[in-house]
Amino acid sequence: MRPLTLDPDRLFPAEPRAREIARALYAEVAGLPIVSPHGHTDPAWFATDAPFANATELLLAPDHYIFRMLYSQGVPLEALGVPSRAGAPATDPREAWRTFATRYYLFRGTPSRLWLDHVFAEVFGIEVALDGESADLYFDAINEALATPGFRPRALFERFGIEFLATTEGADDPLAHHRAIRASGWRGRVVSTYRPDAVIDAEHEGFRPALERFGDLTGEDVMRWDGYLAAHRRRRADFRALGATATDHGHASARTANLSASESAALFDRIVSGRFDPADAELFRAQMLTEMARMSVEDGMVMQIHPGSFRNHNAALFASHGRDKGADIPARAGFVAELKPMLDVVGNERDLTVILFTLDESTYARELAPLAGHYPCLRLGPAWWFHDSPEGMRRFREMTTETAGFYNTVGFNDDTRAFLSIPARHDVARRVDCAFLARLVAEGRLADWEAAELAEELTVDLVRRAYKLGDGA
Amino acid sequence: MRPLTLDPDRLFPAEPRAREIARALYAEVAGLPIVSPHGHTDPAWFATDAPFANATELLLAPDHYIFRMLYSQGVPLEALGVPSRAGAPATDPREAWRTFATRYYLFRGTPSRLWLDHVFAEVFGIEVALDGESADLYFDAINEALATPGFRPRALFERFGIEFLATTEGADDPLAHHRAIRASGWRGRVVSTYRPDAVIDAEHEGFRPALERFGDLTGEDVMRWDGYLAAHRRRRADFRALGATATDHGHASARTANLSASESAALFDRIVSGRFDPADAELFRAQMLTEMARMSVEDGMVMQIHPGSFRNHNAALFASHGRDKGADIPARAGFVAELKPMLDVVGNERDLTVILFTLDESTYARELAPLAGHYPCLRLGPAWWFHDSPEGMRRFREMTTETAGFYNTVGFNDDTRAFLSIPARHDVARRVDCAFLARLVAEGRLADWEAAELAEELTVDLVRRAYKLGDGA
Amino acid sequence: MRPLTLDPDRLFPAEPRAREIARALYAEVAGLPIVSPHGHTDPAWFATDAPFANATELLLAPDHYIFRMLYSQGVPLEALGVPSRAGAPATDPREAWRTFATRYYLFRGTPSRLWLDHVFAEVFGIEVALDGESADLYFDAINEALATPGFRPRALFERFGIEFLATTEGADDPLAHHRAIRASGWRGRVVSTYRPDAVIDAEHEGFRPALERFGDLTGEDVMRWDGYLAAHRRRRADFRALGATATDHGHASARTANLSASESAALFDRIVSGRFDPADAELFRAQMLTEMARMSVEDGMVMQIHPGSFRNHNAALFASHGRDKGADIPARAGFVAELKPMLDVVGNERDLTVILFTLDESTYARELAPLAGHYPCLRLGPAWWFHDSPEGMRRFREMTTETAGFYNTVGFNDDTRAFLSIPARHDVARRVDCAFLARLVAEGRLADWEAAELAEELTVDLVRRAYKLGDGA
């Protein structure tokens, strides 16, 4: 078997002087706490603190980065233990792990490879590289560790040095796990994020039942425009009461609208009647971004917009396996005309924070940096999803910094449901940021002390300020 | 206070051999004259040679790069002395300067920072870095210098080694300052550029009055298509008589049209009647690019097209403060279908030069380099506005050179109204070009003597030829 | 005269350690056979093995990379010996060569320069650089060499170490040259590629006569939908019988469709009746991609899609000189919505291979890598045409690898009619790939032994597998 080693200088520039600078910058931020303001871990883990099942169910079957690559190379999802609409397949977890292990070479050059090797080496202490030969050794070692108290969710949370972790729940979620976390007396700061997509996107297959639960939870008449808005206000207050500081909106596009109250009410009537066309649905989503922004001005919640994913692109796979199976594909995005209606309403609000994300890198320098470099309410979220990678993060900095600066950005989001990879992901981000800063220093564009200040800003300060988390003390 | 130092090797590659090559290339071009064929300085400065007022009015209040960043971080424009539609605010210039100085760290990583530090160190000889502590020292030192004869506009022009400087005036401008410059006997070569946007863009708020002045100045009946075209010919001749060699066109898109004479006349009638819709206005702008190109074939003026800025995006700010307040945002651009009607008419003209600019970098390799690498009349303008930056210029070279070569580009434009920053901007461009050439040499893609020839081409020769300025002797 | 030297380390990173890694990787792949699965050489060369005429007719007049650059700088095509619709001009080949040689500096920084210098030095053994002074020396030396047996097409094929070479022929081509190659007993593996564009694109000026030849060759009633499809099946079988493994489709866009059989038949009736509009033509091309994919599922042929070129952009030049005269310009492309109808039909087929190319680099990270990193049938073709260049290939790897990995790519295509440049083009690709891999190793993102495996994969293994060429033994 081949050894598994993590290069201590990984992701730093090859050139020795720049590398030396990057190493020094990184040394100062490597040990800072993890602030994770946007992600998709399951709050039940922290509520129940139950042990994780096994390597396959923890690391393989839920990770769409991994199974999409294997699927692209001809491996059926069943062979990996990925659940279908019919439930989890009967696949032996060990066999699934072997299938993965023998194809681990497919991940060369991908961030998944960097994250997984970090998890294997740093979280589990494994010393050989993953391949077909070491598959069983891995499977056994990981399962053995998972059975120990040190690998329970809360213990890992603490070991990882997580200062803050936000999960994401829908507007129709009762937040039972978050209540349980709070009630448990555990000191870990795990809060929710208000993500009302399912009650805003009339084209979502679960729109109707979500709307009904939304009404039940709030006691509002959510089939009328006023009651619907009031229900949002109530749920936002519920989330805030449990520590949430932010909302999140995953729309097909960044389109916003600025309809009059009566136009909005008429549109809403069409939406709830079920007699709407795709243009109505898009317009309603657009209007709701503006409504959410207005409520954020009222209640101070930070607003995140994640637009531009074409969901469930693979029709057959959606039919058999449902959502979130690696078949979401980015689409071309636009922000300039799209955001204008909302910005006409709230653009100049100094106490509002709207964080923009994109899957279309061509908008970084062309649209997002110029917008964020002007409007007081706008900030740029980090390189997202397919771009959460060394090259993706480098391009983000290269294409946004010169127009928006560093201070209109908000630090890193791990945006993950892969809990064990959180330290790995933050480590990659810290290294890539330090590498970028080191290049600026090496090229005489920044003083070394400025780079050191910025490294800390990019790691903890900007994220705490942008998401209104306090100073971390 | 911290020292202010400019790294003599700034913007060169970190790798020692490539850096050595860049340094040698730069040494040969650093002292060459400044040729500035496109910019927005005020000709009144050179006509009257009056001293500049103070640091805030000279460096801060008119520079949209600076105040847009500060505004994005919550600073009101009033606090910076930026005039609104109601006039200049009562803000104390020293207080405005302090507001800026304490936030100078926001510009880390931006070209404004590079330009300003250059101005502070090289133009004013300041030796400490700008921050809250040094704010007053800066304000006093700058104001003191500005009161001396050596900081009058003409003295600075000469000190900066400017060989040629083009300003930009509208079709309705009487060119009084340019006449005064000529009449003064001063040897500085300051000429205008014919920018007829205000009499071409029927959606511009000043269209009607501009058209009237246009008629008054030319004595033509500009409300009829023939008279309108004749008026353009007259004004182009006026500009040429005062040394202008180029026109400039800042349109919302690069769309061109190729209507018949009767279609054009009918469209023009709608435009001047005021009974036009947005499609008419766009079509008229499109047709006028082709008309301007035809006139350039006749009179030899170089034609510049600067498309794709969404002007005045911030509605409230436009209402309170008017144009050019940092709220212009680039939009997605296209050139292939858009330019075809014009190119069908003039594309194969060998003596015509049409210089294309873009704010949408995704068009560099996809559209602009292939177009300029084929059509004899086309050349590529340098990285523009938000892309006039080290990373922006690097991307421009990386994405255009392999298809269009170096010889279909036209050197650097500073495109600025910030007169004192002109040497800084040209210096950044020279350094970035030398760094790019050095990489090609270090990677065995170009001989060193070729790189030396190219460095000089990119600095002075290409711009002189493209803008028909003579050989600079 | 100046010496002509090829830097043995050209295209490797400047940084010494990364360069050392690149050099070691390259040493292992430099001598591997050339596998060329997609190109446009003339099969007549290998059928007749007749000597090439002269330097101008071989290297200059047919190479649109070269004459488009010269044309962009004002050189008439006639002066270069480029044929017009009226036939070859009377231009003296030596004069044409001199015109080129004196302007060879225009190619600085372009891949043509790299390829040509390689051809001059390695194929012809010339030791001085090309310029006006050496023009005649070059012309004479090249012509002299071409008259010798070692420069006949088959001899060069063998000298170049070509393992496999695919040409491209239309659906209406009788494949006489390929039959002759087979009949000759020569062992060189030269096969065709089925490119049915001319019988699919109803807007192509040669559509009608091509369709008639298509009917004649197959004996099918190609004016009826069923007969038309049957004719495609027959011709695909003809091509396969002569060794072809792939089809190729050069459409204006990547749009696909999924019409019912009766809708398709009705559409086809409109197409052959001549009473169709541009939307019909586009829809028919779209539907035919899906039909071709279905046939590929049946017969195993690899399907290549090359979309997004705006052909014959220069109207006057098309009128005088016809197609392929350097006036094809890339247009903005999209794949996500466009490919969905086809992928709904064949997307999950594990034995189908559809290779996607683009001229719009903004789709690499946004659309192509996410699609290829999910769908089993999809692979990414290499950087194409204007992007077949060092910077273009680097961007391709940087923007696709993190999401699609290396194993969803298919090695290099030279895509050329410039036979003598084939080794040069493969050499550039090998060097750039090794440089990219070296950076990953130097930055601790890949082990050295992994990079060595990948270098071989990218050079020969991936292309053999993707195009179903066998193991090369």
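Residues numbered from 1 in each chain as written. Chains lettered and ligands numbered in written order. Predicted model: local features only at pLDDT ≥ 70, side-chain atom pairs only at ≥ 80, totals over all residues. Heavy atoms only, no water.

Of the residues lining the interface, 51 residues belong to chain C; the matching set on chain B comes to 44 residues. Here chain C and chain B share an interface that buries about 3,900 Å² over both sides, 51% of which is from carbon and sulfur atoms. The interface formed by chain C and chain B holds seven salt bridges in total. Note that B:E453 is salt-bridged to C:R108, the shortest N-O span being 3.1 Å. For the pair chain C and chain B, the number of links is 30 residue pairs in polar contact (both at pLDDT 80 or more). Within the residue set of the side of chain C that touches chain B, elements represented by two or more residues are α1 (16-29), α4 (64-72), α6 (111-123), α15 (315-321), β9 (329-330) and α18 (390-404) of chain C. With five residues, the single largest contributor to the side of chain C that touches chain B is α18(C). In terms of residue class, the side of chain C that touches chain B is made up of 23 nonpolar, twelve polar and 16 charged. (Contact = heavy atoms within 4.5 Å. Buried area = accessible area lost by both parts, 1.4 Å probe. Salt bridge = Lys/Arg side-chain N within 4 Å of Asp/Glu carboxyl O. Polar contact = N/O pair within 3.5 Å; in protein donor to acceptor, adjacent residues only side chain to side chain. Helix = DSSP H or I, 4+ residues; strand = E, 2+ residues; numbered from the N terminus. Nonpolar A, V, L, I, M, F, W, Y, C, P; charged D, E, K, R; others polar.)

Our focus in this paragraph is the relation of the copies chain C and chain A. Mapping chain C onto chain A calls for a screw motion: a turn of 120° about the axis and a shift of 0.0 Å along it, with 0.0 Å RMSD after fitting. With respect to symmetry, the two chain copies, as superposed, fit the operation of a three-fold axis. Both copies present different contact surfaces, since only 7% of the interface residues of chain C are interface residues in chain A too. (Least-squares fit on C-alpha atoms with pLDDT ≥ 70 in both.)

As a further point, take the packing of helix α5 (residues 93-102) of chain B against helix α7 (residues 135-146) of chain B. Residue and element names in this part refer to chain B. Relative orientation of the contacting elements α5 and α7 amounts to 130°, with a least axis distance of 9 Å. Compared by their axis directions, α5 and α7 come out oblique. Between α5 and α7 lies a crossing of right-handed hand. Packed against α5, whose contacting residues are P93, R94, W97, R98 and A101, the element α7 presents A135, D136, Y138, F139, D140 and I142 at the interface. Across the contact of α5 with α7, the residue classes break down as seven nonpolar, no polar and four charged. (Axes fitted to C-alpha atoms, helices over the stretch in contact; angles between N-to-C directions. Parallel < 35°, antiparallel > 145°, perpendicular 65-115°, else oblique. Left-handed = near helix turned anticlockwise from the far one by under 90°.)

Many descriptions give the size of an interface as the accessible area lost when the pieces come together. Listed by partner, the interface residues are 44 residues for chain C and 51 residues for chain A. Summed over both partners, the interface of chain C with chain A comes to about 3,900 Å²; 51% of that surface belongs to carbon and sulfur atoms. The largest per-residue losses of area from chain C upon contact with chain A belong to C:R366, C:H374 and C:E402, which jointly make up 19% of the total buried on that side. Run the count over chain C and chain A and you get seven salt bridges. Of the charged contacts, one joins A:D360 and C:R366 as a salt bridge, the two residues approaching to 3.1 Å between their closest N and O atoms. Between chain C and chain A we count 30 residue pairs in polar contact (both at pLDDT 80 or more) in total. Of all the secondary structure elements, the ones that give two or more residues to the side of chain C that touches chain A are α16 (336-346), α17 (362-372), α18, α19 (422-442) and α20 (448-466) of chain C. Split into classes, the residues belonging to the side of chain C that touches chain A amount to 18 nonpolar, ten polar and 16 charged.

Now for the side chain of C:T167. All names here are of chain C. Here T167 lies in the loop between β2 (162-166) and β3 (169-170). Owing to a relative accessible area of 0%, T167 belongs among the buried residues under this scheme. Within the local environment of T167, its side chain forms a polar contact with the side chain of H178, the two groups lying 2.7 Å apart. Residues within four places of T167 in sequence aside, it is in contact with G39, T41, P43, H178, V190, V191, S192 and T193. (Buried < 20%, exposed > 50% of the residue type's maximum accessible area, 1.4 Å probe, protein only.)

Further remarks concern the confidence of the model for chain A. A low pLDDT means the predicted coordinates there should not be read in detail. Per-residue confidence for chain A gives a mean pLDDT of 97, with 100% of residues at or over 70. Across the whole predicted complex the pTM is 0.98, and at the interface the ipTM reaches 0.97. (pLDDT = per-residue confidence, 0-100.)

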